[in-house]
Amino acid sequence: MATIADPDLRFTSLPHPTPTSAEARDAALADPGFGKVFSDHMVVIEWDEGRGWHDATIGPRVPIALDPAAAVLHYAQEIFEGLKAYRQQDGGLALFRPSANAARFNQSAERLAMPALPPALFIESIRQLVAADRDWFPDVEGGSLYLRPFMIATEAFLGVRPAKQYKFLVIASPAGNYFKSGAPAVSIWVSEYTRAAPGGTGAAKCGGNYAASLVPQAEAIARGHDQVVFLDAAEHKWIEELGGMNLYFAFADGSLITPPLTGTILPGITRDSIMQLAREEGLEVREERYSLDQWRDDAASGRLVETFACGTAAVVTPVGKVCGRDGEFTVGSGGPGQLTQRLKARLVAIQRGEAADEHGWVMRLD
Ligand SMILES: *Cc1c(COP(=O)(O)O)cnc(C)c1O
């Protein structure tokens, strides 16, 4: 039982009645894919108005009982995070910038009228879960243990106001390499739908944003593309981001542009890390609006040489082809560009402890 920042809140360990056998676990870990295999345990912490956070447990991953009137089921008061534990060269495990996830979780909580979670408790929850499920780390090439902290409104009440009861949970999902043999360039569809409007919830990591992105993403797939790219809601002109990844544009003169964080874009931790690494290489990185028309013209003239998407799940993904109702165009060679591959390699090396962690981004778990 570990003590966390709040000296009164200790984790109670609940025994697992039927842990997965080593054979069944090894079979699941041989080719885990993404988001379909789950470890044996989970963290649950309760919050009530007046009491604050209480009853922290690490126990078996079981279905959770919810009243049918629970606010999350009706008004989508839900937020989440996504981060990974990475195997280090000495065999230990480490997280990448978990404090940034903890801070963003609280920004999302504020926008969704939910209680803040002390960052130390957020990180301790992840520590507890990884310690309980470290045998679930998939030792396949490029494997990681994906961690999903989330918070839901559990109060049974159909009036529209912030709930007075919440649950915070963390589950873990062993993940294979997102793309098995290096990252192929993806083809993206320019959606007529918008993801987020000014003043909306675009900067919050909430499930509702994803619910609204499913039809546009399905449309992209139906048209033979991999991903959807969203334009701004007001002018339908400026590039925002993909359904779950931020974008970078790289130019022949060595500069980079990424759309600015104006409240409609999710402030990605990968986006921020890439920005720091690129600037340290001496590259000029501008947070600046960039239009679809300019993108097409620059790709045609050769001024633009690469475009890549970035996020925790796939790290860095090259964009090869862009298609919308006005036709399609190819970016650079249509395949992974050099800068894209170099920045990805640098970031992955830091995450896996193969390169020096000069920024204090890596948090060892053992
Ligand atoms: C999580 C997320 C990202 C990427 O954020 P990272 O912190 O880099 O994983 C980008 N866009 C959306 C909409 C997201 O939900």
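Residues numbered from 1 in each chain as written. Predicted model: local features only at pLDDT ≥ 70, side-chain atom pairs only at ≥ 80, totals over all residues. Heavy atoms only, no water.

**Structural notes on the layout of surface pockets**
What counts is decided by this rule: A cavity here means a set of points on a 1 Å grid, drawn over the protein atoms and nothing else, where a 1.4 Å probe fits but cannot get out; a pocket is an open set with protein on both sides within 12 Å along at least five of seven lines, and a residue lines either one if it has an atom within 4 Å of a point. Grid points are joined across faces, edges and corners, and a volume is the space filled by probe spheres set on the points. For helices the rule is a DSSP run of H or I covering at least 4 residues; for strands it is a run of E covering at least 2, with both sets numbered from the N terminus onward. Each domain's extent is set by a domain assignment, obtained either automatically or from a database. Note that Gly is not counted as nonpolar here; it falls among the polar residues with everything else outside the nonpolar set of Ala, Val, Leu, Ile, Met, Phe, Trp, Tyr, Cys and Pro and the charged set of Asp, Glu, Lys and Arg.
The calculated volume of the largest pocket comes to roughly 700 Å³. Lining the largest pocket are 32 residues, with Tyr 210, Gly 243, Gly 244, Met 245 and Ala 313 positioned closest to its centre. If you list the elements that add at least two residues to the lining of the largest pocket, you get strand 7 (144–153), helix 5 (207–222), helix 6 (269–280) and strand 15 (304–311). A per-element tally of the lining of the largest pocket places helix 5 first, with 6 residues. Looking at which domains feed residues into the lining of the largest pocket, each of domain 1 (11–175) and domain 2 (186–351) supplies at least three. Here the second largest pocket defines a volume of roughly 250 Å³. Along the wall of the second largest pocket there are 17 residues; nearest its centre are Asn 177, Val 315, Lys 344, Val 348 and Arg 352. Elements with a minimum of two residues in the lining of the second largest pocket: strand 5 (83–87) and helix 8 (338–351). Broken down by element, the lining of the second largest pocket gets its largest block of residues, 4 residues, from helix 8. Of the residues in the lining of the second largest pocket, the class split is 8 nonpolar, 5 polar and 4 charged. Looking at which domains feed residues into the lining of the second largest pocket, each of domain 1 (11–175) and domain 2 (186–351) supplies at least three.

**Side note on the pairing of strand 16 (residues 315–324)**
Where we set the bar: Each residue's exposure class comes from its accessible area (1.4 Å probe, protein chains only) as a fraction of the maximum for that residue type: buried when under 20%, exposed when over 50%, partly exposed otherwise. Strand pairing is defined by DSSP finding a minimum of two bridges between the two strands.
Strand 16 sits mainly inside the fold: 9 of its 10 residues count as buried. Where strand 9 (residues 186–190) lies against strand 16, 4 bridges are found, and the strand directions are parallel. Residue Trp 189 lies in a different strand from strand 16, and its bridge partner there is Cys 323. In this antiparallel pair of consecutive strands, strand 15 and strand 16, the connection spans 3 residues. Both strand 16 and strand 17 (residues 327–330) contribute to a ladder of 4 bridges, which runs antiparallel. Note on strand 17: the bridge partner recorded for Lys 321 is Thr 330. Between the antiparallel neighbours strand 16 and strand 17 lie 2 residues.

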